[in-house]
Each structure stands twice: as structure tokens, then as C-alpha cells.
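# Structure assessment
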Amino acid sequence: MESSNVLVIGGGIAGLTAAHELAKLGIKVELVEKEPFLGGHAIQFTCKAVESCAKCGACMAEEKLSNVIHNENIVIHTGANLERISKNGRFNYNIRLNHNRIDQSKDTGYSASADAVIMATGFEPFDPVKKPYGYRVFKNVITNLDLERMLKINGVAIKPSDGLPPDKIAFVQCVGSRDSKLSHLWCSKICCASALRMARVIKTRKPETSITFFYIDIQGSGKDFEALYQTAKEDFRMIRAIPGDIYKTEGDRLKITCFDNLSKADAEEVYDMVVLSVAMIPGSGTKELAEMLGIIPCATGFVKSCEKDEIAGSGGVFVAGTAGGPLSIAESITHAVKTAWDVAKYLKTRDQGVKGSGGLW
Ligand SMILES: Cc1cc2nc3c(=O)[nH]c(=O)nc-3n(C[C@H](O)[C@H](O)[C@H](O)COP(=O)(O)OP(=O)(O)OC[C@H]3O[C@@H](n4cnc5c(N)ncnc54)[C@H](O)[C@@H]3O)c2cc1C
Ligand code: SF4
Ligand code: SF4
């Protein structure tokens, strides 16, 4: 039976940051990531610099990744599923390592234990098939995450239907966020800034592109965001309305219908491509994992750290990053650093309790 001081579940920006902070203190970490790659969502994002850095934070994912690779205090497992975890003094757990995604008979497993656990399992993007926008029906309706990957690979926006650049693009904000019918009352916090930055990249690389935003209101923070929004109001059409439906018209084009709150009239317009800014929602495995760890998720489905006494009795379980709710990359890093320090404090106190004096490091 192997042992480590801290088990970090999830190798996104939060998990990578927490693991590195603990390793810097000499604490042994085992990092378990279910996907075959590290970096979570952020590693898939494009750089949004135009004339200068747009402060989107995407490059921080590469930086955090390089910190943990070959770190002697961190053991990393990718393609790894946590099958079982229970607490009996320490946390005892089983990991299944998925070596071959097609032939599961080649999987292997092992058992280990840890003194504390960090849940850094992140978020999932809302699946917009539940909305009347034709996602997965019309090829040129994509999500903001699809656009991130498209810009990262191609450098420019292209229509999935024919690979040509769109002349007219609509961004639809708040898809799956701030939606009482879905009981998703929260603002996902990052999708206005992210969409405005991507729209700027598209407009800079192909200035004749016409871009329209459909929005409830634009959310963001910091002085950089205010400047971004001011420029956006000059460069893009901003329509304060959320579309009712999206239909396909001739030539693979897309008709958006809405009630325009400013003109107080029904409106419709045709676009070449539609980008849905989807919500950050709790990951599908969050509830099961929280239950295994003895945590009760909040009403939203996100989880909170036991350090705030919201889950009294589950000592040794901590949360980092967007597993606790929507955050930007920079906020996820700050949150994960704080979590790592909370864990270090917990281990030190626990160690002093066990040994009577002294600490782990
Ligand atoms: C479309 C979009 C664009 C965005 N653009 C920006 C931007 O420009 N700037 C910005 O600051 N923020 C942006 N964000 C927010 C950013 O994605 C998050 O702040 C960041 O990814 C949070 O990192 P995380 O580690 O908390 O979660 P994640 O990135 O979700 O990482 C969690 C990791 O945990 C793994 N995992 C989950 N469950 C398990 C399990 N049971 N066992 C093992 N591993 C598990 C997942 O596979 C994943 O690798 C954007 C978000 C979206 C949706
Ligand atoms: S913060 Fe974003 S825009 Fe700036 S260099 Fe990094 S990836 Fe590019
Ligand atoms: S950040 Fe903008 S798009 Fe995202 S949920 Fe909030 S208001 Fe809507």
C-alpha cells in the first residue's frame, strides 16, 4: 500500500496550482486526472492578444503545467478514475488506471492513502441541446468552447459547414446561466469577457466581419474589463434581448428571432454563424464524489470547502477552483493557493496533535 500526504482530484488549473503549492512546502502529493491530459478546460483556450495582451489568462495553464511535470514531490496519474474513497483515520482509496481507452481489459488498479484530499474537479459546460438554438442540429451553431478550440487551431473563425470565414456572427450570452427554468440562477462570471475578447480577435483578423451580441446585461470586473466593454460597444452591435428560436434558412444561414426590449417589437435577422456562451455548471461526477467524501453539495450542485464549516465533520476534505462555483483562471489560481495553505495548516495542526510537538516540515 502506497501513501502520500495529499490526494488532489482533478488536474485543471486549480489542481495543478494546489499540487505545486503543496510540493513547494515539501508535502508529497498524488494528482489524479480522469482525462488523458492535464490542464482541464483552460489548456484548450486560445491566446486573445490583439495589439497587446488581453489578460485572458489562458497562457497561465501552460505555466502551471510546467510547474508540476517532473516535480519530485508530485506523482501524476492521467486517465485515472477514483473508484472508491473512505476515511478511517486517513483517506484510503482505489484508483483505476485507464491505459487503453478502447480495450478496458488492459486497465490496472492500485490502492493508496492520504492525510487530506483536495477536490479540484472543476465544472462542465452546459449542454445547449436543451435550448431551442439548434445546437448539434445546425452545423454553424457552436458554443464559446468550440470557438476557443477553433481559434486555437485555425487562428480565425470558420463555418463548420464549409470551412469558410463567416461574414456575420451572433453571440448569444447567458445560455444556461441566470435561467430560472433550469434552476441555474447563477451568473457564470467569465462568459461576457471571454466572448468579447474572442470577438475582438475575430474582428482584428478579419475587420469586415459584422458581430452582434444578444445579452441580458454584460458582467465582468476590473479596469481592463471596462475598457474592453467600451471598445466592444463601438465595434459590435449590442442587442439587449435573448433570442427565442434559431431557424435554418437558405444557404446554411441562421435566422434569429427575438423581442427587442429597446424598440419593444419582435425582430428577426439572419447570420452565418451563431456562438452560444454556455454556462459553467457542476461536473456530472461532483455529486457522487462529494458523497463519497462526506460533503453535501450546495443547492447549486457546486461544493464548498469544509474550512468554512459548511460541511462540519468532514475534516481533511478541501475544495479548489471551480468545483466550488464559477471563477476565472486568475481567481481559480488564487483560490487554489489559499486552499493549499489551508491544507498545509490542517496537516501541521494534525501532525502536532499526533506527535505532541514539531511539524511535517
Ligand atoms: C468557454 C469558456 C471560456 C473561458 N474563458 C476564460 C478566459 O478567457 N479567461 C478566464 O480567466 N477564464 C475563462 N474560463 C474559465 C476557466 O475555464 C476556469 O476558470 C478554469 O478552467 C477553472 O479551472 P479548474 O481547475 O477549476 O477546472 P477545470 O478546468 O474544469 O479542471 C478540472 C479538472 O478535473 C478533472 N476531473 C473532474 N472530475 C474528476 C474526477 N472525478 N477524477 C479525476 N479528475 C477529474 C477534469 O477532467 C479537469 O481536467 C472560461 C470558461 C469557459 C467555459
Ligand atoms: S494572458 Fe491571454 S492574451 Fe495575454 S499573452 Fe496570455 S494567453 Fe495571450
Ligand atoms: S458572464 Fe455574462 S454571459 Fe455569462 S452568465 Fe454572466 S451575464 Fe451571462
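Note that this is a predicted model, so its numbers are computed, not measured.

About the cut-offs
- Residues numbered from 1 in each chain as written.
- Chains lettered and ligands numbered in written order.
- Predicted model: local features only at pLDDT ≥ 70, side-chain atom pairs only at ≥ 80, totals over all residues.
- Heavy atoms only, no water.
- Helix = DSSP H or I, 4+ residues; strand = E, 2+ residues; numbered from the N terminus.
- Expected span 1.5 Å × (residues − 1).
- Buried < 20%, exposed > 50% of the residue type's maximum accessible area, 1.4 Å probe, protein only.
- Near = heavy atom within 4 Å.
- Nonpolar A, V, L, I, M, F, W, Y, C, P; charged D, E, K, R; others polar.
- Domains from an automatic or database assignment.
- Buried area = accessible area lost by both parts, 1.4 Å probe.
- Salt bridge = Lys/Arg side-chain N within 4 Å of Asp/Glu carboxyl O.
- pLDDT = per-residue confidence, 0-100.
- Contact = heavy atoms within 4.5 Å.
- Pairing = 2+ DSSP bridges.
- Axes fitted to C-alpha atoms, helices over the stretch in contact; angles between N-to-C directions.

Here the focus is helix α1 (residues 13-24). Between the first and last C-alpha of α1 there are 16 Å, a value that for 12 residues agrees with the 16 Å anticipated at 1.5 Å per step. The element α1 is extensively covered by neighbouring structure, given that 11 of its 12 residues are classed as buried. The set of residues buried in α1 consists of Ile13, Ala14, Gly15, Leu16, Thr17, Ala18, Ala19, His20, Glu21, Leu22 and Ala23. The positive-phi residue at the C-terminal boundary of α1 is glycine 26, with phi of around 85°.

Around ligand 2, the neighbouring residues are Cys47, Lys48, Ala49, Cys53, Ala54, Lys55, Cys56, Gly57, Ala58 and Cys59. Per-class residue counts for the shell around ligand 2 are 7 nonpolar, 1 polar and 2 charged.

In this section: the domain arrangement of the protein chain. We note that the domain assignment places domain 1 (2-122 + 283-355) and domain 2 (125-279) within the protein chain. The centre of domain 1, based on its C-alpha atoms, is set 32 Å off from the matching centre of domain 2. When domain 1 packs against domain 2, the two sides together hide about 1600 Å² of surface, and 57% of this comes from carbon and sulfur. Where domain 1 touches domain 2, the interface holds 4 salt bridges. Of the residues that constitute the side of domain 1 that touches domain 2, the class distribution is 9 nonpolar, 5 polar and 5 charged.

Between side chains of opposite charge, a pair can form when the charged atoms approach closely. A full pass over the atoms with the stated rule returns 21 salt bridges. As a salt-bridge pair, lysine 55 and aspartate 224 come within 4.0 Å of each other at their nearest N and O atoms. Of this pair, lysine 55 sits in the loop between β3 (29-32) and α2 (59-68) while aspartate 224 sits in helix α5 (residues 223-235), and the two are 169 residues apart along the sequence. We note a salt bridge from aspartate 127 to arginine 136, for which the minimum N-O separation is 3.3 Å. By sharing partners, the salt bridges in this structure join Lys168, Arg237 and Glu269 into a single network.

For the protein chain, mean pLDDT is 89; residues scoring 70 or higher make up 92% of the total. Within the model, pLDDT remains below 50 along residues 307-313, and this stretch shows 9 contacts once partners closer than five positions in the same chain are excluded. Within the model, the stretch residues 357-361 combines pLDDT values under 50 with 10 contacts to residues more than four positions away or in other chains.

On to the sheet that holds strand β15 (residues 253-260), then. Spatially, β14-β15-β16 is the arrangement adopted by the 3 strands of the open sheet, whose pairing is antiparallel. Both outer strands of the open sheet, β14 (246-249) and β16 (265-271), are each paired with one neighbouring strand and no more. Strand-to-strand twist in this sheet, taken as the mean axis angle between neighbours without regard to direction, amounts to 30°. Across 4 bridges, the pairing between β14 and β15 is antiparallel. Paired with threonine 249 across the two strands is arginine 253, which belongs to β15.

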